[in-house]
Amino acid sequence: MKKKLLATLLSLSMVMGIVACGKTPADTNTGSDNSQSGNTTQGTDSTGSETASDIDLSEHVVITYMTTGGAPEGNQTDEMLRQLNEILTEKVNAELEVYYIDWTDYLSNYNLTLARMDGTVDLVGTASDWLDAWPNAKNGAFLELSEEMLQTYAPKTWESVSPEHWDLCKYNGNIYLMPEDNYAQWTNHGFAYRLDWAKEAGLADGVKSWEDLTTYFRYVKETYPDVIPWDSDGTQYATMVGGWITSHSNYVPIDGINAGAMWGGSKDDLYTVYSPYMTDTDSLVEFAKMMKEWDEIGVWKTDVLNNTSSDNREDYKIGRVAAEQHHTQTWTDLCSHKDGYTIYDDPNAETGFFYFGEETKNVVALSITHGAMAVSAASKNPERALMVYDLIRNDEECYRLFNYGVEGVSYEITEDGMRKTPDGYNSATDGISVNYWWGRNDDLEIKDSTLNWDAIEKLYKEYDAIKIDYPYGQFVPDVDDIQSKIDNINDIHTTYMKQIAFGKYNGTPEEIVAEYQAALQKAGIDEVTAALQAQFDALYK
Amino acid sequence: MANNNQVEMTGVKVKLGASDIIIRTVGYVLISLYALACVFPFLIIIGTSFTNETVIRAEGVKLIPKEFTVKAYEMVVRGGMIWKSYGLTITLTACGTAVGLLIIAMTGYALQRKDFPFRNVISFYIYFTSLFSAGLAPYYLLMTQTYKLNDSYLAVFFPLLMSPWLIILMKNFVKAIPHEITESGKIDGAGDLRIFTSLILPMLKPALATIGLFLALGYWNEWYQSSLFLSSRVAVKPLQWQLYKVVNETQALKNSIAGQYIQLTDVPTESLKMATAVMATGPIVFLYPFVQRYFIGGITVGAVKG
Amino acid sequence: MNKSTSTSSTTGIKKRGFFETLWRYRVLELMCLPAVIFFFMFSYMPMPGIWVAFVKYNYRDGIFGSKFVGLDNFKFLAESGKLFDLTKNTILYNIAFILLGNLLAIIVAILLNEMQSKMFKKVSQTMMFLPYFISQVLVGILVYNLLNYDYGFVNEILTALGREKWGPYSDKDVWPVILVIVHLWQQTGYNSVVYFAAIMGIDAEIIEAAKVDGANAFQKIRYIILPGLKPTIVILLLFALGGIVRGNFGLFYNIIGTNSLLYEKTDIIETFVYRATITDFNFSTASAVGLYQSLIGFVMVMTVNFIVKKIDPDYSLF
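Presented here is a report on the structure given in the accompanying data block.

So, how was this worked out
- Residues numbered from 1 in each chain as written.
- Chains lettered and ligands numbered in written order.
- Predicted model: local features only at pLDDT ≥ 70, side-chain atom pairs only at ≥ 80, totals over all residues.
- Helix = DSSP H or I, 4+ residues; strand = E, 2+ residues; numbered from the N terminus.
- Buried ≥ 20, exposed ≤ 12 C-beta atoms within 10 Å, placed from the backbone.
- Contact = placed C-beta atoms within 7 Å.
- Rg over C-alpha atoms; globule rule 2.2 N^0.38 Å.
- Pairing = 2+ DSSP bridges.
- Axes fitted to C-alpha atoms, helices over the stretch in contact; angles between N-to-C directions.
- Nonpolar A, V, L, I, M, F, W, Y, C, P; charged D, E, K, R; others polar.
- Expected span 1.5 Å × (residues − 1).
- Parallel < 35°, antiparallel > 145°, perpendicular 65-115°, else oblique.
- Left-handed = near helix turned anticlockwise from the far one by under 90°.
- Core = buried A, V, L, I, M, F, W, Y, C linked by C-beta atoms within 7 Å.

1. Some points on the overall build of chain B
- Regarding its fold elements, chain B presents 16 helices and zero strands.
- Every one of the 306 residues in chain B was classed for burial, and the buried ones make up 49%.
- Considering only residue pairs separated by 6 or more positions, chain B has 73% of its internal contacts joining residues 24 or more positions apart.

So, in structure tokens, the structure goes:
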């Protein structure tokens, strides 16, 4: 078995070698790697964290951090950065600049900026499930972070991440990512709904299954004619069917292959790849049936697939809709009694959460590379970038400034040690926005006092009792040869699931599912599954 | 125009009457209907921009605002950035149109000169670029790495300066000017440049107005180059970039896989989108009536001859 | 007459030698120079980068250092089995847009030219320009608000009239008509300006002379204005031909969105590629698709231009 793994790794590295082909940029890179490890050999002799004195900090540098999301309007972010940069200058003679990638066309602009390779950005926020972290690492956008580098320049980060977690950040034996692995967040999806209304509908414990949802929606539609049960905009088809499968099987999807997460293993047999979209036919037919029923009940608007102007989440807060489909993090917001959430004017109002997989206790914790920081391969100051990151991730003063802004303006600490916005706070002028989702740290987090922590912690406990860790962290799919098939499968999935998940198909549920599966078959889904299985075997067996 | 009327006055009027009346009646009716169909949606945009957000979500867009509010406009002008954007867009539009128009006119004239031996080669050289482009990545890398135009307004100024289409259109307009005019200029001993500036340009007024209008609209509506080359380091962005951002952001994020993981905060509302659209269209609407003078002036070859 | 000048000048090159000709036409050459430089810098310089369509792009190695993969980037289009249908849809829509668009623009321009009231011309033309300024996203929102089943304007009117509601968002067959209408609505004001200006360019003396000779308005249009517009029409059509397989992504995506019920009649190359690769961002695939579109456009234009040149060299593009 070991031999096989070794052989595959070898051949893999050979392939990579051919790809890199000894091109000059790669050469210079290994060269700089050597020089860095050369620099740091004296450093590792001492205790690691004390080596800062040996590092040449004479030149003041600007470290640019790239993140997705638009630049903020007000000046408060600049003010925060000014204060932060004073500290950073003092400690590591560097300052931090934020480089925002607007949400519109973010994937294209993000990748184009990386492609420039001219040192425009140093630190790069990335994610293995929604921001192409692995493809970018494979394509040479990120710098290989040697253990020596991390020990020397980001010692606290190095220590706080366990060796097992560092292993999950490796591709081809090199570390590329610094994971956000000490931050509790659940982005598993489900339905936030009105618990009080569910009780009225006869669901004493709230919604516990998809069938309960049907009961709930039917009740809401009949009892509150002015309320749209769920004013969906038709973009949630993939999470809907994914949620259904999670709720009706032990399926554990693999991240980062396609948006539908259509391949995975099962909890009982993690390393046998299959696609439930091909195998779980009966379940899919049931799903198609139920969604047709929902459509007939009038859960969503007739033209849901083109609905552009709804804002279901905002409408939920003011009681114009009865459910919101999104992840647990969103629910933590909706269940809290915040300003402007007028549903809570009714003292009975309560927001429950039905999470996908609740029936089968099938909950998978978030991959630790769901948020991670990488260093651009073209960075002119990778060492200093790591030092800055180490501070904004682990230094309390820097962390608070960077995450919450200037105390007294953007936030203040309550008596019980939580944070709240100061009186007269105006988000446009007093708020900050740096979209730092790549190194938050629960040791330094201050709880938001406006959240409904009783309810939230109760659910988190429930999750902790049943969750499994994301099992495929080390698997970086090599999709080059099957990408064209996956692209076509994406399109088939979108085309059919849009109709199925909103009950808009013609013909019987059996027919539409059969048609969908035949199209997948034709697009070569079996070959993709087989290719992934071969890669699994090489890695895990 | 005055001439036309005179002709009609001098007795031919009776003969022309019937068909003229038919055409004009049909024209007035059709054009009016079509013009109304064009304005109506714009009125809806204006109406919606003054409507309360919750009403829009419940009942859709509105021609006449129900629950009138100017909140959306307050948000657009908040911080004053929009005025700086106006300044930038107007400057870019004015400079780009002036420079572009001059180059296009010169090229169009030279390419239409029957005696210019390279005209076919150059025409093809220019036209070919409209068929083949290398795609986004090579263009982006060239602009940022080779020309270093990132975060520079020149990256917006240059690409819109001219297009094969506008040059060929100009060439086509020049074609309507009889070659004799160039010949007569030559006989008078004028050089090519002289012929162009004093004989040809004055006759090209409708063409210059048309192409100038297209250039100006191009600059005014520009958001694409801005979104590629002006990063968050550039504080003042062109007007349409603001519109594009406000209008597209929510939808782009919702449709992407990031939408499954990221929580949307401060989502632009429908009324904000509409208000931004109204503000971003603003002054350019008044450009057309101004340009139109040059159409009505028309050209009369007779004037040159006489 | 014109022909003889041009032939004499070509033979002139041979007699006089290239450099002498170059010097002789220096002023005209200088007049073209800015444009020549411009297209060299912004269009020809990036062109070798089209190589990206044939490699597996790697950031560190750049476009020309990345691994050559032949036609792999074209594979997904071919494997989709939809290439023919998508190309067909794209071309059919474009033909409708081009033909009807120009026809309508010509009618509008001619009618406007007949109008006597300056005020009316100004106001109506300004109004016709408005749709051009409405962003495609807003067009999508407006169309949805007009046509949706639950509270769209059209259905409100139908309900008020006691008629049955109409649900176009689940009826794919009506969309070709709706999309063409929206396109015409948005572009005609803009397009008619070209024709309007071209009419203005027609020698006013000829028109006056025709009137004196007793031509009526219809005859004037038939025998003077339309022939006068011919070169413009030919140029516009030839030009549009180059983009015949390039779809108007903004229009289709914002109106149809991802309503897969309508794809059969509304899917064009751009929308398909967008959907298939939305999670797999890849410069190479996009370039490969672009190259496919360019090649078809190129063949079309060269063929048609050749034919036009045979018939009347004056009308050809080059």
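2. Describing the overall build of chain A
- Of regular secondary structure, chain A possesses 22 helices and 15 strands.
- The C-alpha atoms of chain A give a radius of gyration of 25 Å, which matches the 24 Å a tight globule of 541 residues would have.
- Going through the 541 residues of chain A one by one, you find that 50% of them count as buried.
- Within chain A, contacts between residues at least 6 apart in sequence are counted, and of these 78% link residues at least 24 apart.

3. Side note on the sheet that holds strand β9 (residues 264–266) of chain A
Residues and elements named next belong to chain A.
- On the basis of which strands lie adjacent, the open sheet formed by three strands has the order β8-β9-β10 and antiparallel pairing. Since the sheet does not close on itself, it has two edges, and those belong to β8 (251–253) and β10 (269–274), each with one partner. Looking at each pair of strands side by side, their axes are set apart by 35° on average, direction ignored.
- Pairing of β9 with β10 involves two bridges; the strand directions are antiparallel. Following the sheet pairing, Ser266 is matched in β10 by Asp269.

4. Here we look at the interface of chain C and chain B
- At the junction of the two partners, chain C supplies 86 residues and chain B supplies 98 residues.
- Split into classes, the residues belonging to the side of chain C that touches chain B amount to 53 nonpolar, 24 polar and nine charged.

5. Side note on helix α14 (residues 270–281) of chain B
Residues and elements named next belong to chain B.
- In a regular helix each residue adds 1.5 Å, so twelve residues correspond to 16 Å; α14 covers 17 Å between its end C-alpha atoms and thus fits that length.
- α14 sits mainly inside the fold: twelve of its twelve residues count as buried.
- Among the residues of α14, those classed as buried are Glu270, Ser271, Leu272, Lys273, Met274, Ala275, Thr276, Ala277, Val278, Met279, Ala280 and Thr281.

6. Notes on the interface of chain B and chain A
- Listed per partner, the contact involves 31 residues of chain B and 29 residues of chain A.
- When residues of the side of chain B that touches chain A are traced back to their parent elements, those giving at least two are α2 (53–59), α6 (136–146) and α13 (239–255) of chain B.
- Here the side of chain B that touches chain A gets eight residues from one element, more than from any other, and that element is α13 of chain B.
- Tallied by class, residues from the side of chain B that touches chain A come to twelve nonpolar, 13 polar and six charged.

7. Examining the packing of helix α10 (residues 175–201) of chain C against helix α12 (residues 217–241) of chain C
All names here are of chain C.
- It is at 9 Å that the axes of α10 and α12 come closest, and there the two elements cross at 120°. Our classification of the angle between α10 and α12 gives oblique. Here the hand of the crossing between α10 and α12 comes out right-handed. Contacts from Val194, Tyr195, Ala198 and Ile199 in α10 reach Ile225, Leu229 and Thr232 in α12.
- The residue makeup of the contact of α10 with α12, split by class, is six nonpolar, one polar and no charged.

8. Some points on unusual backbone geometry
Residue and element names in this part refer to chain A.
- Here Asp105, not a glycine, exhibits a phi torsion of approximately 55°, which is positive.
- Its location among the elements puts Asp105 in the loop between β2 (94–101) and α4 (106–116).
- For Asn435, which is not glycine, the phi dihedral falls at a positive 45°.
- Along the polypeptide, Asn435 turns up in the loop between α18 (427–430) and α19 (453–466).

9. A closer look at the pairing of strand β12 (residues 351–355) of chain A
All names here are of chain A.
- Counting buried positions along β12 gives five out of five residues, so the element sits mostly inside the fold.
- Side chains Thr351, Phe353 and Tyr355 of β12 all project onto a buried face; the interleaved residues Gly352 and Phe354 project onto the opposite face, where all are buried too.
- Sheet topology places strand β7 (residues 189–194) next to β12; five bridges connect them, and they run antiparallel. Bridge pairing in β12 links Ala192 to Phe353.

10. Description of the sheet that holds strand β1 (residues 61–68) of chain A
Residues and elements named next belong to chain A.
- A sheet is described by the order of its strands in space; here five strands give the open sequence β2-β1-β3-β13-β6, paired in mixed fashion. Each of the sheet's edge strands pairs with one partner strand only, and the pair in question is β2 and β6 (178–179).
- Two elements, β6 and strand β13 (residues 372–375), share two bridges in a ladder whose sense is antiparallel. Bridged to Pro179 within β13 is Ala372.

11. Describing the packing of helix α6 (residues 83–114) of chain C against α12 of chain C
All names here are of chain C.
- Where α6 contacts α12, the two axes come as close as 11 Å, and the packing angle between them is 140°. Like other packed secondary-structure pairs, α6 and α12 cross with a definite hand, here right-handed. Of the residues in α12, those in contact with Ile98, Asn102, Ile106, Ile110 and Glu114 of α6 are Ala217, Ile221, Ile225, Leu229, Ile233, Leu236, Leu237 and Ala240.
- For the contact of α6 with α12, the class distribution of residues is eleven nonpolar, one polar and one charged.

12. Observations regarding the nonpolar core
- Formed by 319 residues in total, the largest nonpolar core has its most connected members in Tyr193, Val241, Val388 and Ile500 of chain A together with Met170 and Ile211 of chain B.
- For Val388 of chain A, the residues in contact, after removing those within four places along its chain, are Ile63, Leu88, Val92, Ala94 and Leu96 of chain A.

13. Description of the pairing of β13 of chain A
All names here are of chain A.
- Of the two faces of β13, both are covered, the one formed by Ala372 and Ala374 as well as the one formed by Met373 and Val375.
- As paired elements, strand β3 (residues 123–126) and β13 share four bridges and run antiparallel to each other. For Val124, the partnering residue across the bridge sits in β13 and is Ala374.

Geometry only, nothing functional implied.
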